[in-house]
Amino acid sequence: SQKIEQNSEALNIQEGKTATLTCNYTNYSPAYLQWYRQDPGRGPVFLLLIRENEKEKRKERLKVTFDTTLKQSLFHITASQPADSATYLCALGSPYNNNDMRFGAGTRLTVKP
Amino acid sequence: DVKVTQSSRYLVKRTGEKVFLECVQDMDHENMFWYRQDPGLGLRLIYFSYDVKMKEKGDIPEGYSVSREKKERFSLILESASTNQTSMYLCASSRVHEQYFGPGTRLTVT
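Draft legend 1. Looking closely at the overall build of chain A. A count of helical and extended segments in chain A gives 0 helices and 11 strands. The order of α-helices and β-strands along chain A, N terminus first, is β-β-β-β-β-β-β-β-β-β-β. Relative to a compact globule of 113 residues, whose C-alpha radius of gyration would be 13 Å, chain A shows 13 Å and is just as compact. Among the 113 residues that make up chain A, the fraction classed as buried is 47%. Across chain A, the fraction of contacts at a sequence separation of at least 24, relative to all contacts at a separation of at least 6, is 56%. Put simply, chain A shows about 5,700 Å² of open surface, and 45% of that area lies on carbon and sulfur atoms.

Draft legend 2. Just unusual backbone geometry, in detail. All names here are of chain A. Of note in the backbone geometry, Glu-60 takes a positive phi value of approximately 55 degrees without being a glycine. Summarising the element assignment, Glu-60 is placed in the loop between β6 (56-59) and β7 (62-67). Located in the positive-phi region is Ala-79, a residue other than glycine, with phi close to 45 degrees. Relative to the assigned elements, Ala-79 resides in the loop between β8 (72-77) and β9 (86-93). Given the relative accessible area of 40%, Ala-79 is considered partly exposed.

Draft legend 3. How the structure looks around the interface of chain A and chain B. In this assembly, 20 residues from chain A lie in contact with 21 residues from chain B. Approximately 1,600 Å² of surface area, both sides summed, lies buried where chain A meets chain B, with 53% of it carried by carbon and sulfur atoms. Where chain A touches chain B, the interface holds 1 salt bridge. For Arg-102 of chain A, the salt bridge goes to Asp-59 of chain B, with nearest N and O atoms at 3.4 Å. For the pair chain A and chain B, the number of links is 6 residue pairs in polar contact (both at pLDDT 80 or more). Sort the elements by how many residues they give to the side of chain A that touches chain B and strand β4 (residues 32-38) of chain A lands first, with 4 residues. When grouped by side-chain class, the residues that make up the side of chain A that touches chain B number 9 nonpolar, 8 polar and 3 charged.

Draft legend 4. Representation of the packing of aromatic side chains. Enumeration over the complete set of coordinates arrives at 12 aromatic pairs over all chains. Measuring from centroid to centroid gives 5.8 Å for Tyr-36 of chain A and Phe-101 of chain B, while their planes differ by 90 degrees, and the two rings are edge-to-face. Pair noted here: Tyr-36 of chain A is in strand β4 and Phe-101 of chain B is in strand β10 (residues 99-101), and the two residues belong to different chains. Where Tyr-35 of chain B meets Phe-101 of chain B, the ring centres are 5.7 Å apart and the plane angle is 40 degrees; that geometry is what we call tilted. Here the residue Tyr-35 of chain B occupies a position in strand β4 (residues 31-38), and Phe-101 of chain B occupies one in strand β10, the gap between them amounting to 66 residues. Taken together, the ring pairs connect Tyr-36, Phe-46 and Phe-103 of chain A together with Phe-33, Tyr-35, Phe-48 and Phe-101 of chain B into an aromatic cluster.

Draft legend 5. Geometry of the side chain of Asp-100 of chain A. Residues and elements named next belong to chain A. Relative to the elements of secondary structure, Asp-100 occurs in the loop between β9 and β10 (101-103). A distance of 2.9 Å separates the side chain of Asp-100 from the side chain of Arg-102, its partner in a polar contact. Apart from the residues within four sequence positions on either side, Asp-100 is in contact with Tyr-28, Leu-92, Gly-93 and Ser-94.

Draft legend 6. How the structure looks around the pattern of salt bridges. Counted by the stated rule, this structure contains 14 salt bridges over all chains. Its salt-bridge partner being Glu-5 of chain A, residue Lys-3 of chain A comes within 3.5 Å of it at the nearest N-O pair. On the accessibility criterion, Glu-5 of chain A (43% relative accessible area) is partly exposed. Each of Asp-100 and Arg-102 of chain A together with Asp-59 of chain B takes part in a single network of salt bridges with overlapping partners.

Draft legend 7. Broad picture of the layout of surface pockets. Of the pockets and cavities examined, the largest pocket occupies roughly 990 Å³. Ala-105 of chain A together with Asp-38, Gly-40, Leu-41 and Gly-42 of chain B are the residues nearest the centre of the largest pocket, which is lined by 42 residues in total. Counting only elements with at least two residues in the lining of the largest pocket, the list comes to β1 (3-6), β9, β10 and β11 (107-112) of chain A together with β4, β5 (42-51), β9 (87-94) and β11 (105-109) of chain B. Looking at the lining of the largest pocket residue by residue, the class counts come to 16 nonpolar, 15 polar and 11 charged.

Rules behind the numbers
- Residues numbered from 1 in each chain as written.
- Chains lettered and ligands numbered in written order.
- Predicted model: local features only at pLDDT ≥ 70, side-chain atom pairs only at ≥ 80, totals over all residues.
- Heavy atoms only, no water.
- Helix = DSSP H or I, 4+ residues; strand = E, 2+ residues; numbered from the N terminus.
- Rg over C-alpha atoms; globule rule 2.2 N^0.38 Å.
- Buried < 20%, exposed > 50% of the residue type's maximum accessible area, 1.4 Å probe, protein only.
- Contact = heavy atoms within 4.5 Å.
- Areas by Shrake-Rupley, 256 points an atom, 1.4 Å probe, with all protein chains shown as cover.
- Buried area = accessible area lost by both parts, 1.4 Å probe.
- Salt bridge = Lys/Arg side-chain N within 4 Å of Asp/Glu carboxyl O.
- Polar contact = N/O pair within 3.5 Å; in protein donor to acceptor, adjacent residues only side chain to side chain.
- Nonpolar A, V, L, I, M, F, W, Y, C, P; charged D, E, K, R; others polar.
- Phe/Tyr/Trp six-rings, centres within 6.5 Å; stacked < 30°, edge-to-face > 60°.
- 1 Å grid on protein atoms, 1.4 Å probe; cavity = no way out; pocket = protein on both sides within 12 Å on 5 of 7 lines; lining within 4 Å.
- Points joined across faces, edges and corners; volume = space filled by probe spheres on them.

In structure tokens:
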């Protein structure tokens, strides 16, 4: 069965460091992958989308990589700040159906000052 | 800015009650979704709709139904609420891939 695993439930890092979150998947061939941010008590907010034919995408301090051979995406936040503390979700999109998207359980990131 | 609103932030219902969760989006999106979110399980798709009066089952449709009579409104119905339906319910809308979520409704069934 399809499985999406995000590296850990929680990740703690020091302010200024680079946070790296991992999303691994099995038994799936996504056409694209998205990352969302979710703050406590709120809905997820879209951050980035990367397609299967793209290796890397950047947006300000965010960088996403997508390795379809390893079946893995890495999400980096450089020069992290306490305001980056949140839960980050990866989501995989089906190549057959725009509406079929599968979410990981998320990684809760805490950036300590 | 896209806005997705949900009728209630918190709801407490008794077992066996019929429950309506409403979602409205203001960006003329064709696609609308209902998810539930439980700790450790991520978001699981209950139903989605790609057009008015059209609906498709997601991964966990049992015990739920939906209604989409107008493009901007997508309702989730729990026909007979049970305690295992206690969860956070999230509505989302999209045009293509990027989904816009509402704030969620935390439903407790006692």
